[in-house]
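Chain residues, written in single-letter form:
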Amino acid sequence: MKIVFPIQTDNGIDSPVYGHFGTARLFILIDSEKPEPEVLANQDLNHTHGQCQPLIALGGRKVDAVVVGGIGGGALRKLNKEGVLVYRAIEGSVAENLSLLQSGKLPQFTLDQTCAGHTTIGGCSH
């Protein structure tokens, strides 16, 4: 299974999960078939608000799941259309969220939980 976690700073699996998919600088890819996580740069970081291309952001990598604090409706739809499940992270590290995901304790995102826009200082306004 391949799982992606958006992050801002690479501290390995101790990195805090970032609150917004599209504006994350980096992603940590955990692949159950590989011993070490891989760090990916967001290839769609400077997209126009509301025009996130999540598959481009991931550099075309095929993943099974995304764990994130917040995501826009368009990005959620695009990921789901490709068969990618999106889970709502708790505030905490990649390691903590991975453990919760593996034990079935993270809920899947629904469209009514997505970000509707951002404030002038960059925070989500939902």
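Not measured: the values here are computed from a predicted model.

How each quantity is defined
Residue positions within a chain follow its written sequence, with the count starting from 1. The model is predicted, so local features are restricted to residues of pLDDT at least 70 and side-chain atom pairs to those at 80 or more, both for listing and for counting; the totals for chains, interfaces and linings are taken over all residues. Note that water and hydrogens are dropped before the side-chain values are worked out from all heavy atoms of the structure. The way it works is that DSSP assigns letters per residue, a run of H or I at least four long becomes a helix, a run of E at least two long becomes a strand, and they are numbered from the N terminus. The contact criterion used is simple: two residues touch if any of their non-hydrogen atoms lie within 4.5 Å. Partly exposed residues are those whose accessible area sits between 20% and 50% of the maximum for their type, while under 20% is buried and over 50% is exposed, using a 1.4 Å probe and protein chains only. Any two strands are treated as partners once DSSP identifies two or more bridges connecting them.

**With respect to the side chain of S15**
Link 1 in the chain: Its location among the elements puts S15 in the loop between β1 (2-7) and β2 (26-31).
Link 2 in the chain: With residues up to four places along the chain from it excluded, the contact list for S15 reads I7, T9, D10, I28, G92, S93 and V94.

**Description of the environment of T9**
Link 1 in the chain: By the element assignment, T9 lies in the loop between β1 and β2.
Link 2 in the chain: Look at T9 and you get partly exposed, because its relative accessible area is 46%.
Link 3 in the chain: The spatial distance from the C-alpha of T9 to the C-alpha of L26 is 7.2 Å, given a sequence separation of 17 residues.
Link 4 in the chain: Sequence-distant contacts of T9, defined by excluding residues within four places in its chain, comprise S15 and L26.

**Re the pairing of β1**
Link 1 in the chain: Most of β1 is tucked away, with five of its six residues classed as buried.
Link 2 in the chain: Bridging between β1 and β2 involves six bridges; their strand directions are antiparallel. Bridge pairing in β2 links I7 to L26.
Link 3 in the chain: Pairing geometry for β1 and strand β4 (residues 65-68), over two bridges, is parallel. Across the sheet, the residue bridging to V4 is V66, located in β4.

Function cannot be inferred from these measures alone, as they are strictly geometric.
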